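One letter stands for each residue in the lines below.
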Amino acid sequence: MRSSESSDPFPALVLHESPTGVTAKLVDVESASLPAGEVLVRVEYSSLNYKDALAVCRGAPIVRSFPMIPGVDLAGYVTASDDPQFAIGDAVMVNGWGLGESRWGGYARFCRVPAGYLVRIPPAFTPAQAMAIGTAGYTAMLCVQALERHGILDTTADVLVTGATGGVGSVAVALLADAGHRVTAATGRLSEHGYLRELGATQVVDRWALSAPGKPLQRERWAGAIDTLGGHVLANVCAGLRYRGVVAACGMAQSLEFPASVAPFILRGVTLVGIDSVRAPVCDRTSAWFALAKRIDPEKLATWTREIPLSAVVATALEMLEGRGRGRVVVRIPDRW
């Protein structure tokens, strides 16, 4: 392996399973403990997503084995490589692929991964900015591209984004608004009205109006939608789409269930597109990140981003699960404790 790696222990957040639940400890990890992979990455930044929060605070059903280093995202520099596509010093990132679930993830100074997991960080972004976008922003871009493929965003359109103050929702609102669309932001936290308006939402509505069981067909309101919640929200979104409307579904923060009728699909030609960001092929990932580099002003990232140290992940994860977070959380990985 072409290498500039150190054999010294490095800091990490490690999850262990116990009879009383999951414990998260800040410890030093030996390099020899890292799983196999062609490329070793010196991690500079990770991020805190809803999935990470579930893993850190609850373990199941996210974490498949223990001990586990969580973190579904990472960004940093190649320090060792057995793959000719990547050289020492290359700026790279990983989103998904089971990191933090079945494979050690980004909450550590070093991570060894298969070369096929890596995407080069676009020159427009630093590693910190790439993580300010992270899996959430990359997922939002996949959703926007899905709407575009179905022609929804060819002209100015009315588009709904649910879970709008979350990581995916925040980036989706900003991307759609910057493209000139009229964005309705649905949130359970109307106190964040100003934040959503700043991102570009033209209207802010209470998500609870969409959370109860509704009629199979409702008043036609939106040409397209991006849903992060699932459950009755997704069912009501489908029922409220216009003729040949499209919804990109990428989350299940409310529920895994989909208590809906076939009426919107048969009588209005509505399309439901599932978005998977975990195992998406590299060509789709590269396309999404290329689009993000063109559409997002790096200076605007601060609008929806805050940075925390690795030592603050557990406390911040609890806030997120309690619905007290907003936007994107970037995690700074230390060189040592």
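Everything discussed here concerns the structure shown above.
None of the values given here were measured: they were computed from a predicted structure.

What is the right way to read the environment of Ala24 from this model?
Within the secondary structure layout, Ala24 lies in strand 3 (residues 21-29). The partly exposed category is assigned to Ala24, whose relative accessible area is 32%. Sequence spacing of Ala24 and Met68 is 44 residues, and the spatial spacing of their C-alpha atoms is 9.4 Å. The residues contacting Ala24, other than those within four sequence positions of it, are Leu13, Val14, Leu15 and Val314.

How do you make sense of helix 1 (residues 50-58) when you look at a structure like this?
Each turn of an α-helix holds 3.6 residues, which means side chains three or four residues apart point in the same direction. For helix 1, the full list of buried residues reads Asp52, Ala53, Leu54, Ala55 and Val56. The secondary structure elements touched by the buried residues of helix 1 are strand 2 (10-18), strand 3, strand 4 (39-48) and helix 8 (313-321). Backbone geometry just downstream of helix 1 places Gly59 in the positive-phi region, at approximately 75°.

Help me out: how do you make sense of a nonpolar patch on the surface in this one?
Nonpolar side chains collect at one region of the surface, where Val262, Ile266 and Leu267 lie side by side and expose about 330 Å² of accessible area between them. For Ile266, the location among the structural elements is in helix 6 (residues 263-267).

What should I look at first to understand the sheet that holds strand 9 (residues 158-162) in this one?
Think of a sheet as strands paired side by side through backbone hydrogen bonds, with each pair either parallel or antiparallel. In space, the six strands of this open sheet follow the order 11-10-9-12-13-14, with parallel pairing throughout. Edge positions in the open sheet fall to strand 11 (203-206) and strand 14 (271-274), since each of these has one partner strand only. When the angles between neighbouring strand axes are averaged without regard to direction, this sheet yields 20°. Bridge count for strand 9 against strand 12 (residues 222-227) is three bridges, and the pairing is parallel. Its bridge partner lying in strand 12, Leu160 is registered against Ala225. Along the sheet face, helix 2 (residues 127-149) touches strand 9, strand 12, strand 13 (241-249) and strand 14 and points at about 155° away from the line of strand 12.

Hey, could you run me through the pairing of strand 5 (residues 73-81) in this one?
Two faces make up the sheet, and in a regular strand the side chains alternate between them. Of all nine residues in strand 5, eight are buried; the element is thus mostly enclosed. As paired strands, strand 4 and strand 5 are joined by six bridges and run antiparallel to one another. Across the sheet, Tyr45 pairs through a bridge with Ala75, a residue of strand 5. Alignment of strand 5 against strand 6 (residues 91-95), held across five bridges, turns out to be antiparallel. Looking across to strand 6, one finds that Ala75 is bridged to Met93.

Any chance you could explain the packing of helix 2 against helix 7 (residues 282-295) here in plain terms?
In helix packing, the relevant descriptors are the interaxial angle and the interaxial distance, both defined with respect to the helix axes. For the pair helix 2 and helix 7, the least separation of the axes is 9 Å and the interaxial angle reads 100°. Here helix 2 lies roughly perpendicular to helix 7, going by the angle between them. Residues Ala130, Ile133, Gly134, Gly137, Tyr138, Met141, Leu142, Val144, Gln145 and Glu148 of helix 2 pack against Asp284, Arg285, Ser287, Ala288, Trp289, Ala291, Leu292 and Arg295 of helix 7.

Can you walk me through the pattern of salt bridges in this structure?
It is possible for side chains of opposite charge to pair when their charged atoms get near one another. Summed over all chains, the structure comprises 18 salt bridges. For the salt bridge of Asp90 with Arg120, the shortest nitrogen-to-oxygen distance reads 3.0 Å. Residue Asp90 is located in the loop between strand 5 and strand 6, and its partner Arg120 is located in strand 8 (residues 119-120); the two are separated by 30 residues in the primary sequence. With a relative accessible area of 42%, Arg120 lands in the partly exposed category. Taking the shortest distance from any N to any O, the salt bridge between Asp335 and Arg336 comes out at 3.1 Å. Here the salt bridges do not stand alone but share partners, grouping Arg42, Glu44, Arg109, Asp335 and Arg336 into one network.

How do you make sense of the packing of aromatic side chains when you look at a structure like this?
The description of two aromatic rings rests on the distance between their centres and on the angle between their planes. Applying the stated rule across the entire model yields three aromatic pairs. With 5.1 Å between their ring centres and 5° between their planes, Trp97 and Tyr117 make a pair best called stacked. Separated by 20 residues along the polypeptide, Trp97 in the loop between strand 6 and strand 7 (110-113) and Tyr117 in the loop between strand 7 and strand 8 bring together distant segments of the chain. Looking at Tyr117, the relative accessible area reads 19%, which means it is buried. Plain terms: the ring middles of Phe125 and Trp289 are 6.4 Å apart, the flat faces sit at 75° to each other, and that makes the pair edge-to-face. Separated by 164 residues along the polypeptide, Phe125 in the loop between strand 8 and helix 2 and Trp289 in helix 7 bring together distant segments of the chain. No difference in accessibility class separates Phe125 from Trp289, as the two residues are buried. Cation over ring: Arg207 sits above Trp208, and NZ or CZ is 4.5 Å from the ring centre.

So, how was this worked out
- Residues numbered from 1 in each chain as written.
- Predicted model: local features only at pLDDT ≥ 70, side-chain atom pairs only at ≥ 80, totals over all residues.
- Heavy atoms only, no water.
- Helix = DSSP H or I, 4+ residues; strand = E, 2+ residues; numbered from the N terminus.
- Buried < 20%, exposed > 50% of the residue type's maximum accessible area, 1.4 Å probe, protein only.
- Contact = heavy atoms within 4.5 Å.
- Patch = residues over 30% accessible without salt bridge, like charges linked within 9 Å, V, L, I, M, F, W, Y side chains within 5 Å.
- Areas by Shrake-Rupley, 256 points an atom, 1.4 Å probe, with all protein chains shown as cover.
- Salt bridge = Lys/Arg side-chain N within 4 Å of Asp/Glu carboxyl O.
- Pairing = 2+ DSSP bridges.
- Axes fitted to C-alpha atoms, helices over the stretch in contact; angles between N-to-C directions.
- Parallel < 35°, antiparallel > 145°, perpendicular 65-115°, else oblique.
- Phe/Tyr/Trp six-rings, centres within 6.5 Å; stacked < 30°, edge-to-face > 60°.
- Lys NZ or Arg CZ within 6 Å of the ring centre and 35° of its normal.

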